[in-house]
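Take a look at the letters that make up each chain.
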Amino acid sequence: MDRLNNAKGVTKVNIKPQVDRYDLPGGHGIYLLAEGRLVNLGCADGQNPTRPRPLVGRGHGLTGRSGLRICVYANHTRHP
């Protein structure tokens, strides 16, 4: 990222929190989501009006699924 941020002719534009656009010479651009963070959690804002889910809820779901995978792997011989 340092190389992109310091490149001549490149402009960084903040679109909204966690969304940046880098305008490159020649009319091309790059959209960058959640710079330096896991995209699923970094871009979660809970602003979906039909299903509002805050970032904390998403983190807990990920933790639960990870724990389940560990449990299944550890006990796979007992429950074929």
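Scope of this entry: the structure provided in the associated data block. Sequence order as written defines the numbering, with residues in each chain counted from 1. This being a predicted model, a pLDDT of at least 70 is required before a residue's local features are given, and a value of 80 or more before pairs of side-chain atoms are given or counted; all residues contribute to the totals for chains, interfaces and linings. Here the side-chain values reflect all heavy atoms present in the structure, with hydrogen atoms and water set aside.

## Overview of the overall build of the chain
- Labels follow the DSSP assignment, with helices taken as runs of H or I lasting at least four residues and strands as runs of E lasting at least two, numbered in each case from the N terminus. Within the chain one finds 3 helices and 3 strands.
- Ordered by position from N to C terminus, the α and β elements of the chain give α-β-β-β-α-α.
- Taking contacts inside the chain between residues at least 6 apart in sequence as the whole, the part at least 24 apart equals 9%.
- Method for areas: the Shrake-Rupley scheme with a 1.4 Å probe, in which residue coverage is limited to the protein chains shown. As displayed, the chain has an accessible area near 6,700 Å², and 58% of this comes from carbon and sulfur atoms. Between two residues, a contact is recorded if the distance between any of their heavy atoms is within 4.5 Å.

## Remarks on the pattern of salt bridges
- By salt bridge we mean one thing: a side-chain nitrogen of Lys or Arg within 4 Å of a carboxyl oxygen of Asp or Glu. Under the definition given, this model contains 2 salt bridges.
- One salt bridge in this structure joins Lys-12 and Glu-35, with 3.4 Å as the shortest N-O distance. One end of the pair, Lys-12, is in strand β1 (residues 11-16); the other, Glu-35, is in the loop between β3 (29-33) and α2 (39-42), with 23 residues separating them in the sequence.
- Asp-23 is the salt-bridge partner of Arg-21, the closest N and O atoms lying 2.7 Å from each other.
- On the basis of relative accessibility, which here comes to 26%, the residue Asp-23 falls in the partly exposed class. Relative accessibility decides the category of a residue: with a 1.4 Å probe and only protein chains considered, values under 20% of the type maximum give buried, values over 50% give exposed, and everything between is partly exposed.

## Observations regarding the sheet that holds β1
- Strands sit in the order β1-β2-β3 across an open sheet of 3 strands; the sheet is antiparallel. The open sheet has two edge strands with one neighbour each: β1 and β3. Neighbouring strand axes in the sheet, compared pairwise and without regard to direction, differ in orientation by 25° on average. Any two strands with at least two DSSP-identified bridges between them are counted as paired. Between N-to-C directions, angles cover 0 to 180 degrees, with each direction set by a line fitted to C-alpha atoms, over the stretch in contact for helices.

## Examining the pairing of β3
- As judged from the 5 bridges shared by strand β2 (residues 19-23) and β3, these two strands associate in the antiparallel manner. By the bridge assignment for β3, Asp-20 is matched with Leu-32.
- If you look at the hairpin formed by β2 and β3, you'll find 5 residues sitting between the two strands, and Gly-26 has a positive phi there, around 90°.

## Quick look at the environment of Gly-36
- Tracing the backbone through its elements, the reader meets Gly-36 in the loop between β3 and α2.
- In this structure, the C-alpha to C-alpha distance between Gly-36 and Met-1, residues 35 residues apart in sequence, is 9.2 Å.

## Quick notes on the pairing of β1
- Both β1 and β2 contribute to a ladder of 5 bridges, which runs antiparallel. Counted as the bridge partner of Lys-12 is Tyr-22 from β2.
- Count of turn residues in the β1/β2 antiparallel hairpin: 2 residues, of which Gln-18 carries a positive phi of about 75°.

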